[in-house]
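# Architecture at a glance
Each chain, written out:
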Amino acid sequence: MEQIKLVNEKARLITWTVIYSAMEGFEERRPVVIGIVETLNSRAKIMAPLTDVLPDELKIGMLMEPVIRRIREEGDAGLIYYGIAYRPALVNESLGTS
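Before going into details, it helps to say that this report is about the structure given with it. (Residues numbered from 1 in each chain as written. Predicted model: local features only at pLDDT ≥ 70, side-chain atom pairs only at ≥ 80, totals over all residues. Heavy atoms only, no water.)

## Points about the overall build of the protein
The following threshold applies: A run of DSSP states H or I qualifies as a helix once it reaches four residues; a run of E qualifies as a strand once it reaches two. Both are numbered from the N-terminal end. Three labels apply to residues, based on accessible area from a 1.4 Å probe with only protein chains included: buried if under 20% of the type maximum, exposed if over 50%, partly exposed otherwise in between. Note on contacts: a residue pair qualifies if any of its non-hydrogen atoms lie within 4.5 Å across the two residues. Accessible areas in this description were obtained via Shrake-Rupley with a 1.4 Å probe; residue shielding takes into account the shown protein chains only.
In terms of regular secondary structure, the protein is built from zero helices and five strands. Listing each helix as α and each strand as β along the protein from the N terminus yields β-β-β-β-β. Relative to its 98 residues, the protein shows a buried fraction of 30%. For the protein, contacts bridging at least 24 residues in sequence account for 53% of all contacts bridging at least 6. Total accessible area on the protein stands at roughly 7,000 Å², and carbon and sulfur atoms take up 53% of it.

As structure tokens, then:
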């Protein structure tokens, strides 16, 4: 295993799935879109939520970028959990598969 930094490292979308049933506490987030991306520099494959995009806008090979998003809250304790998600890069380019 190797530690990598995801800050500003773009990735390409390999595949994704849309989950319409959500576990308790995540109902308001339906549908949940989970993707597998491959980072451009380190070539790491990462499974993460996809955000800021509709499922029918996704395309294999599209350029993605990591962002921090709220994952969930613990109501009684007031804790907010954050994690990495991927969204289409601001300059949305498809990468060739050469």
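## Structural notes on a nonpolar patch on the surface
Selection criterion: Note that patches include only residues with greater than 30% relative accessible area and no salt bridge, and the join distances are 9 Å for like charges and 5 Å for nonpolar side chains (Val, Leu, Ile, Met, Phe, Trp, Tyr). Throughout this description, the term salt bridge denotes a Lys or Arg side-chain nitrogen within 4 Å of a carboxyl oxygen of Asp or Glu.
On the surface, a nonpolar cluster with roughly 400 Å² of combined accessible area is contributed by Ile68, Ile80, Tyr82 and Ile84. At three residues, the largest contribution of residues to the nonpolar patch is made by strand 5 (residues 79-88).

## Some thoughts on the side chain of Thr39
Formally: Between N or O atoms, a polar contact is any pair within 3.5 Å; within protein, one atom must be a potential hydrogen donor and the other a potential acceptor, and residues adjacent in sequence are included only when both atoms are from side chains.
With respect to the helices and strands, Thr39 occurs in strand 2 (residues 32-39). There is a polar contact of 3.3 Å between the side chain of Thr39 and the side chain of Glu9. At a separation of 2.7 Å, a polar atom in the side chain of Thr39 contacts the side chain of Ser42. Those residues within four positions of Thr39 in sequence are excluded, and the remaining contacts are Leu6, Glu9, Lys10, Ala11, Ala44, Ile46 and Tyr86.

## Observations concerning unusual backbone geometry
Residues other than glycine seldom take positive phi values, yet Arg43 does so here, at roughly 60°. We classify Arg43 as partly exposed; its relative accessible area is 48%. Positive phi outside glycine occurs at Asp52, with the angle close to 60°. By relative accessible area, which is 47% here, Asp52 ends up partly exposed.

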